[in-house]
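Summary of the model geometry
So you can see what is in the structure, the chains are spelled out below.
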Amino acid sequence: QARLEESGGGSVQTGGSLRLSCSASRVWYSMGWFRQSPGKAREGVATIDSSGRTEYADSVKGRFTISRDNAKNTLYLQMNSLKPEDSAMYYCAADRTTEIHGFFEYGVANALDAWGQGTLVSVSS
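What counts and how
- Residues numbered from 1 in each chain as written.
- Predicted model: local features only at pLDDT ≥ 70, side-chain atom pairs only at ≥ 80, totals over all residues.
- Heavy atoms only, no water.
- Helix = DSSP H or I, 4+ residues; strand = E, 2+ residues; numbered from the N terminus.
- Rg over C-alpha atoms; globule rule 2.2 N^0.38 Å.
- Buried < 20%, exposed > 50% of the residue type's maximum accessible area, 1.4 Å probe, protein only.
- Lys, Arg positive; Asp, Glu negative; His and termini not counted.
- Charge placed at Lys NZ, Arg CZ, Asp CG, Glu CD.
- Salt bridge = Lys/Arg side-chain N within 4 Å of Asp/Glu carboxyl O.
- Polar contact = N/O pair within 3.5 Å; in protein donor to acceptor, adjacent residues only side chain to side chain.
- Contact = heavy atoms within 4.5 Å.
- Phe/Tyr/Trp six-rings, centres within 6.5 Å; stacked < 30°, edge-to-face > 60°.
- Lys NZ or Arg CZ within 6 Å of the ring centre and 35° of its normal.

**Here's the deal with the overall build of the chain**
- Looking only at helices and strands, the chain has 1 helix and 11 strands in total.
- Secondary structure elements of the chain occur, N-terminal to C-terminal, as β-β-β-β-β-β-β-β-β-α-β-β.
- Whereas a compact globule of 125 residues would reach a radius of gyration of roughly 14 Å, the chain reaches 13 Å, a difference of no more than 12%.
- If one aligns the C-alpha atoms of the chain with their principal axes, the spans along those axes are about 40 × 30 × 25 Å.
- When each of the 125 residues of the chain is scored for burial, the buried share is 44%.
- The average position of the 13 basic charges and that of the 13 acidic charges among the side chains of the chain differ by 3 Å.

**Details of the side chain of Asp95**
- Within the secondary structure, Asp95 is located in strand β9 (residues 88-95).
- Among buried Asp, Glu, Lys and Arg side chains, Asp95 stands out as unpaired, with Arg96 the closest opposite charge at 5.8 Å.
- Of note is the side chain of Asp95, whose polar atom sits 3.0 Å from the backbone nitrogen of Thr97.
- Here Asp113 takes part through its backbone nitrogen, which lies 3.0 Å from a polar atom of the side chain of Asp95.
- With residues near it in sequence (within four places) discarded, Asp95 still touches Trp28, Tyr29, Ser30, Ala111, Leu112 and Asp113.

**Digging into the packing of aromatic side chains**
- With the rule as written, the count across this model stands at 4 aromatic pairs.
- Ring centres of Phe34 and Phe103 lie 5.9 Å apart, and the angle between their planes is 25°; on these two criteria the pair is classed as stacked. Remark: Phe103 occurs in the loop between β9 and α1 (106-110) and Phe34 occurs in strand β4 (residues 30-36); sequence separation between them is 69 residues. The residues Phe34 and Phe103 share a single accessibility class, namely buried.
- Where Phe34 meets Phe104, the ring centres are 5.6 Å apart and the plane angle is 80°; that geometry is what we call edge-to-face. Of this pair, Phe34 sits in strand β4 while Phe104 sits in the loop between β9 and α1; the two residues are 70 residues apart in sequence, bridging distant segments of the chain.
- Classification of Phe34 by relative accessible area gives buried; the value is 1%.
- On the accessibility criterion, Phe104 (24% relative accessible area) is partly exposed.
- A connected cluster of aromatic rings, assembled from ring pairs, spans Phe34, Phe103, Phe104 and Trp115.
- Stacked on the ring of Trp28, the Lys or Arg Arg26 has its end atom at 4.2 Å from the ring centre.
- Cation over ring: Arg42 sits above Phe34, and NZ or CZ is 5.5 Å from the ring centre.

**So, the side chain of Thr119**
- Examined against the element boundaries, Thr119 turns out to sit in strand β11 (residues 119-124).
- In this structure the side chain of Thr119 is engaged in a polar contact, spanning 3.0 Å, whose partner is the backbone nitrogen of Gly9.

Following this line, the structure appears as structure tokens:
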């Protein structure tokens with residue numbers, strides 16, 4: 001069974017950094033990070049395909065960097081200059097065929113092949 005496992009969450013102060021990791025049990029074509037905080041809708045954060053092409057939400061451009069190590073089946077999210085509004089549960093997701101353009105769309109995201117259980121990020125002011 002396809003499995004994704006996130007790690008690296010924690011508590012930091014405003015301006016701090018964290019690196020999230022997502023360990024996968026197999027190779028995926030496209031992978032990405034979503035986040036959700038209490039009372040808010042799920043938000044796409046960043047996505048990457050097997051060739052290394054990326055897309056980012058406007059809210060994280062210039063601060064977050066998504067990358068992947070295909071040899072280790074691992075996805076990363078380097079988060080710098082963190083803000084309190086970045087506080088959320090961060091989820092890793094993956095798919096065998098979905099292109100990164102459109103990866104965050106509601107109907108597409110709900111149909112992705114695999115999701116992790118999430119890792120919590122808390123940024124204090």
